[in-house]
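# Tertiary structure, described
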Amino acid sequence: MPISFHKAAAAFAAFTLATSGTAVLAQTHDVMILDQAFFPAVIYVETGDTINFTNRADGSRIVKAPDESWTSEQLSTGSTFSYVVDSASPLVFASSTGQGGDGYEGTISFDEPPLGN
């Protein structure tokens, strides 16, 4: 039975690819919130992908879109906030302590990621 299941799954995947032109699977991207920056600072995504922001800064942080279309709660060190990207997602995200003055930004890109070496 497992062999026929694998054959059926492969046939379905081939059919999906042939009829749609692409096979799209949502991906998860991890971003660390550091004291003075995000790592990585640029996230290459597609609609439906999830970005997990994990606070690795010494103190609590908030991560949000500059237009505040989405925002996390105050994240203590080690806490994670997840955001699902859609076609209207702002192309910038920002972090702050929630007390102003020390924010920094990262970028969401729908472009193809650069090739690695």
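What counts, and where the lines are drawn
- The written sequence of each chain sets the order in which its residues are numbered from 1.
- Per-residue local features are limited, in this predicted model, to residues with pLDDT of at least 70; the limit for side-chain atom pairs, both in listing and counting, is 80 or more; totals at the level of whole chains, interfaces and linings are taken over all residues.
- With hydrogens and water set aside, each side-chain value is computed from the structure's full complement of heavy atoms.
- Note on conventions: DSSP H or I runs of at least 4 residues are helices, E runs of at least 2 residues are strands, and numbering of each starts at the N terminus.
- In what follows, residue pairs with any heavy atoms lying within 4.5 Å of each other are defined as contacts.
- Strand pairing is assigned whenever DSSP detects at least two bridges linking the two strands.

Along the chain, aspartate 58 turns up in the loop between strand 4 (50-55) and strand 5 (62-64). Along the primary structure aspartate 58 and serine 76 are separated by 18 residues, whereas in three dimensions their C-alpha atoms are 8.8 Å apart. Residue contacts for aspartate 58: discarding those within four places in its chain leaves Asp35 and Thr77.

The subject of this paragraph is the sheet that holds strand 1 (residues 28-33). Taken in spatial order, the four strands line up as 2-1-4-6 in an open sheet, and their pairing is mixed. Looking along the sheet, the strands with just one partner apiece sit at the ends: strand 2 (38-39) and strand 6 (80-84). Note: strand 4 against strand 6, five bridges, orientation antiparallel. Along strand 6, the bridge assignment pairs threonine 54 with threonine 80.

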